[in-house]
Each structure stands twice: as structure tokens, then as C-alpha cells.
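# Fold and geometry: a report
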Amino acid sequence: MNLLEVKGLTKRFGGIVAVNSASFDVGKNEVVGLIGPNGAGKSTLVQLLMGIIKSDSGEVRFNGKDITRLKAWQVVRQGVAGTFQCTKPFLRLPVFANVLVASSAWKKPGQNGEASMGKAMSVLKKVGIPHLAKLPASQLSHGDLKRLEIARSLATDPRLLILDEPFGGLNYNEIELLSDLVKKLRKQSEEDHPTENSGLSMIIIEHKLSELMKIVDKVIVLNYGEILAFGTPEEVTKNEAVINAYIGEEGI
Amino acid sequence: MLLAQKYGQKLKKAISIPSQLLLLIGVISFILIPVFFNDPHTLRLLIMMNIMAMFASSWNLVSGYAGQLVLGHSLFFGVSAYVSAMLNTNLDWSPVASIPAGTLAAVVTGLVAGYPALRLKGIYLGLTTLAMPVVLSGIVIVFSDITGGEMGIVGVSLLSRSRIAFYYITLLILALTVFAIYKITRSKTGLIFQAIRENEMTAQASGVNTTYYKLLAFSLSGLFAGLAGGLYAHFIRVVGPSVLSFGFSFEPIIWSSFGGVATVMGPVVGVFILVPVIEELRAVLGENASLVYYIILGVVVIFAPGGVMRWFVNRIEKKCPQCETANFSFRRHCRNCKSRMKINGVLEEVKQS
């Protein structure tokens, strides 16, 4: 059984079909890239998964449980956490408080206030911004905000982490740091959770294909709301339809 | 002896922080005031200040901290005032029972008024809540045989015959209210309130049950506003539609903005300054009082947008750049780590090394 199973997921906005009958699955400890031209429905698709917008038809099963109709906060509690494309932190709250909200949002078995604080600090360390903990989020640079978003998502103890354009608007240096972070998260989850019933899977939306292809196991290509291709990076980059629609003749 | 020593040290630690010393002086002086000024007029003003400070604090909780803009806050105050007055006059409930009953009604009203907040945001929520007390005052006038109509309910019994006792009761309840709000805002609940204020979507994406916390903010606000309303009814002894008016809805917003929105003491400070000021202005200037009043408010909004309390505390209190201990701003060296307080002082040290 796969961790995430999506079957025939469809969303219409008026006459536009943003996501048309999308079906795919994400395995345990798997990193999946989601690519496609602007307006292809990538963000809509992940927001459907996160429960932020409601689908018209189709089914999302996570860990064997139907989460299609759950509210956003219920989906998070099932173990699906995501970042937003435009970072939306709690601007006037300190960085630490931003993460603390996520680590203490609901009562987990055997977790007290101190444990939530520890958890918040440890995820800040994981993404590399513990020195900014006391600053209000409004004073952070764009790259640090992206990391704060990831820290906030990680603080909810997700099994599936969805990153919506983590490299968007960053310079090469920052991209390298962040892609190292993603690799590190993945390695850590493989080391910490060798068993089947834990670990961290990821879905990453990104336009910077050269960076993305290095860190993913599988790629989903979306075009006009439909899944054009779904396979390993090698398969996808050779797929003619994908080259025509998105990558172009020059390749990556 | 040991206990005294322990608390002595605690006290010494507390009053070395300027803002806390100020708070302590404030509390002691308000405990002592009736000893020196015990004419009925002053006591009446002081009691009203206590009640209105509770009312302003309750608005600050739902709108300042949780960010759910309520423009019709007199709804909670009014519901509680009417319910306790009606129970008292029609059913002969004693104030000790009718005030909690009115407060409970205000909590339930909070849950009802919070329902639109689950779908509406910002000014749209504000306008919806603005209409609520107006609708209720219409209902009050329609059912005038039990509500007294435009004349209101008269002959509500006093909670206490002695004004001095009444003053201490309201001061105690105000202190408990402020302490409760302080505890709430420093807790996980307060953190989540502020997270919802900053960005509701992100709060949901962090796993926060926003429905629960928004309704909690409304009902807690209803609780404190309801306490104020019940005490008011049993002090003024007349409850009319004026407690549901537009003007009265805006008062807590003005007081809180003047003192400092989203600070625990801000609304209290706002009430304790503005209520006596408008009273004095009316006595001296008569009709022109509101003009001066609004000029004062305008000046504060322009020069101290965070409220007078933050402005004043920033003047007397400076944080040490090294260890972040709060110091009196006149100190040149930090009382904790002894480093220079001024930023240019730090620069000098850097130059020397």
C-alpha cells in the first residue's frame, strides 16, 4: 500500500478545469517532483491534497484513510503538511512562535508544553535558522522565510511534506542551501525510520528542473490540469509529449 | 521568615523592571485612593472606570489578540446588563445570582456572534457585528412590556449599598479579569489567537482548529464583557437601549487604541486616562468637550500609534543590547551584565578592541 493514493481528482473553477482526473501515488520515503508550465494546475493540485480547497470529484487516500473531505487542519493532523508558494508567516510573531504554533497546535499523546518548545527549536536547527528564533518573522529575508515555512511544516510531524516552489525567487547560493536541506531531510528520514510505517515522503513543485531532478525519485508532469507523464526523471525527460509541452528541445 | 525572604527577593526582582514597578505603584495607589477621596462623585467615577476597563479589555481580547474585528461590542455588555436587570426586577433574583446569569447569557451571545466569524473576515465581520446590537435594541423596543422599551428597566437593586465596598468589589474583579487575560495571552491559547490574527490560512495549515479557537475568543470576550455589563446594571440601576448604542460600541475601541491594542494593560490604561479626562472636559468646556477629546485622540494616533502605554514604557525602559535585561532608560550600564547600555557605547568598545 502506498502512502498517498490519488484517484480521479478533479477541480473546476467556473468553466476552467484546473485539475482534470488526476491519479497518481506516492510511496513511503519517496520524493516526487511536480512540474508543468505556469497555470498547469500544480498549486491547485497540492492545495486539494492539503484540504485548502475542496475537490469536485475524486478521492485522496492517505495511509489507507480517506482524507478527501477533511478540513485543512484535519489533514495536517493526519500527517500531510505543506508550505505555501508565497510565504505566509505570522509576520508580527517571533520566528520561534511561528514554529511553536505548529508544534503545539493540537495535543499529541504524551506531549507537554516543554516537548513542544523543544520540538520547535529542533526543527529550527534542522532548517538552519536557530539564530533567528527571537526575531519577528517580518524581518526575515526571502530565503529565510522559505526555510521558516519548511520548519513550520516539519513541526507538525508530517509523513508527507509538500513544498510549493521552495526555490522560487532565491539566488543560487540559497538554492544550494535549500536543496541540501531537502537531501538532508530525506537521508535523515531513511536513517531514522528504516521501517515501513514511518519516514518522510515529499512532493516538490519546482520550475528549476536541473535542481529538482537531482533530488527526486519520480516526476509528475502536469499540463492544462492533466497528468501528461508520471515516471522516473529519465523516463520523463525523454517523453516526447513532455518535451513539446514544457521542457523544450534544448533539454534541461 | 524564609517565606518572607523568598517573596522579598521576588518583589525586589519584579520592581527592578521599570514597567512592573510602575504597575505596582498603580495598583497600590488605586487601592489607597478611597482613603483620601471618598466623595460619592469621585467614587462613582472610579467604579465606572473599573467596569469600563473590563469592557475594553474584553474587546481587546477578541479583536486585539485574536484579530476578529468586532465593531458592535456593546452587544455582550448589553445582553448581560439586560438579562441581569430583568432577572433582578421581574424575578427578584439577587445581584449575586443575576450577574453570573447575565454573564452566562453574554457567553452564549459570544458563541452566536462568533458564528459569522467562521466565514467572514476583517471589515465584513466588523460590519456584521456592528449590526447585532442595533438589531437587539430593535427587539428590546418591540417587547417593551418586559424590557421597558425606550425608558429601560428601572429600579434594579444595588450590588452593594456602600460605594466604597462597591469600588473594591469592582477593583478586585477588574484585577482578576486582567490577570486572567494576562494568563490567556501568555498561554498556548493566546499564541494561537495571535497566529489566527496574523494569518488564518497558515494557522490552519499548521493544524490549528480555527473554528474552535475563534469561538473560544468570542465566548471569552463575552464572559468579561458580560461581567462588566452585569456590574454596570447593578450599579447604575437603570438599563436602557443606550447600552446597545453605536456610540457605546465604539468606546472600547477608542479606549483600547488609545492605551494600546494587543497589550494586556493598554485598554485599562486607556480607560483610566480617557474616562476621567472626558468627565473633566465636560465639566469645564460643556458642549465643546468632545472637540478637545478627539483632538487628544488624534494626537495620540499620530504620535503614538501603538498606544500611550507602549510609548511611555519605551521611554522609561530600555533593553540591554547584550543580555536583553530590562533597565531604566537613565542607566548607563546594564544592572545585570554591567555592559554599556547605549548602542554607540557598544561601538566604542568594538573600536577599542
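Residue numbering note: each chain is counted from 1, following its sequence as written. A letter from A marks each chain and a number from 1 marks each ligand, given out in the order of writing. Thresholds applied to this predicted model are a pLDDT of at least 70 for local features of residues and 80 or more for the giving and counting of side-chain atom pairs; totals over whole chains, interfaces and linings are not thresholded and use all residues.

### Overview of the overall build of chain A
We apply this condition: Put simply, DSSP marks the helices as runs of H or I at least four residues long and the strands as runs of E at least two long, and each gets a number from the N terminus on. Throughout, the radius of gyration refers to the C-alpha atoms, and the reference size of a globule is 2.2 Å times the residue count to the power 0.38. For the exposure call, what matters is how many other C-beta atoms sit within 10 Å of a residue's own: 20 or more marks it buried, 12 or fewer exposed, and in between partly exposed, using C-beta atoms placed from the backbone. Contacts here follow a simple rule: the backbone-placed C-beta atoms of the two residues must lie within 7 Å.
The helix and strand tally for chain A stands at nine helices and 10 strands. Since a compact globule built from 252 residues should have a radius of gyration of about 18 Å, the 18 Å found for chain A is in line with a globular shape. Overall, chain A is about 50 × 40 × 40 Å in size when its C-alpha atoms are taken along their principal axes. Of all 252 residues assigned to chain A, the portion counted as buried reaches 45%. Contacts in chain A between residues at least 24 apart in sequence constitute 66% of all its contacts with a sequence separation of at least 6.

### Focus on the overall build of chain B
When helices and strands are counted, chain B shows 16 helices and two strands. Relative to its length of 353 residues, chain B is compact, with a C-alpha radius of gyration of 22 Å against a globular reference of 20 Å. The principal-axis extents of the C-alpha atoms in chain B amount to approximately 85 × 55 × 50 Å. Taking contacts inside chain B between residues at least 6 apart in sequence as the whole, the part at least 24 apart equals 71%.

### Regarding the environment of B:P100
Mapping B:P100 onto the fold places it in helix α5 (residues 95-114). Taking the C-alpha atoms as reference, B:P100 lies 7.3 Å from B:L227; in sequence the two are 127 residues apart.

### Some thoughts on the pairing of strand β2 (residues 16-26) of chain A
All names here are of chain A. Note the cut-off: Between any two strands, at least two bridges found by DSSP are needed for them to pair.
Pairing of strand β1 (residues 4-13) with β2, which is carried by seven bridges, proceeds in the antiparallel orientation. In the sheet register, V6 faces β2, and the bridge partner there is F24. Hairpin connection, β1 to β2: the antiparallel pair is bridged by two residues, and G14 has positive phi, about 60°.

### Quick notes on the confidence of the model for chain B
All names here are of chain B. Put simply, the test is: Residue-level confidence of the predictor, termed pLDDT, takes values from 0 up to 100.
Mean pLDDT over chain B stands at 91; residues scoring 70 or higher make up 96%. Of the regions scoring below 50 in pLDDT, residues 345-353 engages in four contacts with residues more than four places distant in sequence or in other chains. Here the complex is predicted with pTM 0.91, and the ipTM for its interfaces comes to 0.91.

### Description of helix α1 (residues 42-50) of chain A
Side chains three or four residues apart in an α-helix point the same way, a direct result of the helix having 3.6 residues per turn. All names here are of chain A. Most of α1 sits out of view: eight of its nine residues are buried. Regarding α1, the residues found buried are K42, T44, L45, V46, Q47, L48, L49 and M50. At the exit of α1 stands G51, carrying a positive phi of roughly 80°.

### A few points about unusual backbone geometry
All names here are of chain A. A positive phi angle is found at N29, which is not glycine, with a value near 60°. Considering the arrangement of structural elements, one finds N29 in the loop between β2 and β3 (31-35). Phi at Y224 is positive, roughly 45°, even though this residue is not glycine. Checked against the element boundaries, Y224 lands in the loop between β9 (218-223) and β10 (226-231).

### A short note on the nonpolar core
Within soluble globular proteins, side chains that are nonpolar generally end up buried alongside one another. To keep it simple, the criterion reads: We define a nonpolar core as a collection of buried residues of the types Ala, Val, Leu, Ile, Met, Phe, Trp, Tyr and Cys that are connected via C-beta atoms lying within 7 Å of each other.
Of all hydrophobic cores here, the largest spans 153 residues; its most connected members are A:V99, A:V101, A:A151, B:A228 and B:V271. Setting aside residues no more than four positions away along its own chain, A:V99 makes contact with A:A120, A:V123, A:L124, A:A151, A:R152 and A:A155.

### Description of the pairing of β9(A)
Residues and elements named next belong to chain A. Of all six residues in β9, five are buried, a share of seventy percent or more. In this sheet, β9 lies alongside β3 in parallel orientation, the contact comprising four bridges. Across the sheet, V32 pairs through a bridge with K218, a residue of β9. Alignment of β9 against β10, held across five bridges, turns out to be antiparallel. Bridge pairing in β10 links I220 to F230. Linkage of β9 to β10, two consecutive antiparallel strands, is achieved through a turn of two residues, within which Y224 is found at a positive phi near 45°.

### Thoughts on the sheet that holds strand β7 (residues 160-164) of chain A
Residues and elements named next belong to chain A. This is how it is decided: To define axes, lines are fitted to C-alpha atoms, for helices over the stretch in contact only, and angles between the resulting N-to-C directions are given on a 0 to 180 degree scale.
With mixed pairing, the six strands of this open sheet are ordered in space as β6-β7-β8-β3-β9-β10. The sheet is open, and its two borders are formed by β6 (80-82) and β10, each paired with just one other strand. Averaged over all pairs of adjacent strands, the angle between strand axes in this sheet comes to 15°, irrespective of strand direction. Here five bridges tie β7 to strand β8 (residues 201-205), and the two strands are oriented parallel to one another. Looking at β8, one finds that I162 is bridged to I203.

### Description of the environment of B:L43
Residue and element names in this part refer to chain B. Assignment of secondary structure puts L43 in helix α3 (residues 40-65). In sequence terms L43 and F166 are 123 residues apart; their C-alpha atoms lie 9.0 Å from each other. Discounting residues that sit within four places of it in the chain, L43 has contacts with P34, N38, R163, I164 and Y167.

### Describing the interface of chain B and chain A
Counting residues at the interface gives 17 residues for chain B and 22 residues for chain A. For the side of chain B that touches chain A, the secondary-structure elements that each account for two or more residues are α9 (188-198) and α10 (200-205) of chain B. In terms of residues, the side of chain B that touches chain A owes the most to one element, α9(B), which gives six residues.

### Some thoughts on the packing of helix α4 (residues 74-90) of chain B against α5(B)
Residues and elements named next belong to chain B. Which entries qualify depends on this criterion: Each crossing gets its handedness from the near helix: less than a right angle anticlockwise from the far helix is left-handed, clockwise is right-handed. Charged residues are taken to be Asp, Glu, Lys and Arg, nonpolar residues to be Ala, Val, Leu, Ile, Met, Phe, Trp, Tyr, Cys and Pro, and polar residues to be all remaining types, Gly included.
At a minimum axis separation of 8 Å, α4 and α5 run at an interaxial angle of 145°. Of the two possible hands of crossing, α4 and α5 adopt the one that is right-handed. Across from L75, F76, V79, S80, A81, V83, S84, L87 and N88 in α4, the residues of α5 making contact are P95, S98, I99, A101, G102, T103, A105, A106, T109, G110 and A113. Considered class by class, the residues forming the contact of α4 with α5 number 12 nonpolar, eight polar and no charged.

### Points about the sheet that holds strand β4 (residues 57-62) of chain A
The pairing of strands in a sheet comes from backbone hydrogen bonds and takes either a parallel or an antiparallel form. Residues and elements named next belong to chain A. The sheet built from four strands is open, its strands ordered β2-β1-β4-β5 with antiparallel pairing. Whereas interior strands pair on both sides, the edge strands pair on one side only; in this sheet they are β2 and β5 (65-66). Two strands pair when backbone bridges link them, and β4 and β5 are joined in this way by two bridges, in the antiparallel orientation. Each bridged residue has a counterpart across the sheet, and for F62 the counterpart in β5 is K65. Sheet strands in contact with α1 are β1, β2 and β4, and its direction is about 60° off that of β2.

### Some remarks on the environment of B:T128
Residue and element names in this part refer to chain B. Residue position: T128 is located in helix α6 (residues 122-142). For T128, a count of 19 C-beta atoms within 10 Å corresponds to the partly exposed category. Linking T128 and A113, residues 15 residues apart in sequence, is a C-alpha distance of 9.0 Å. Residues within four places of T128 in sequence aside, it is in contact with P116 and L120.

### Quick word on helix α12 (residues 246-259) of chain B
Residue and element names in this part refer to chain B. This is how it is decided: A helix's residues, less one, multiplied by 1.5 Å, set its expected span.
For α12, built from 14 residues, the straight-helix expectation of 20 Å at 1.5 Å per residue is met to within 8% by its first-to-last C-alpha distance of 21 Å. S249, E251, P252, I253, W255, S256, S257, F258 and G259 are the residues of α12 that are buried. Among the structural elements, α3, α4, α6, α13 (266-285), α14 (289-303) and α15 (308-316) are those in contact with the buried residues of α12. Once α12 finishes, G260 follows within two positions and takes phi at roughly 140°, a positive value.

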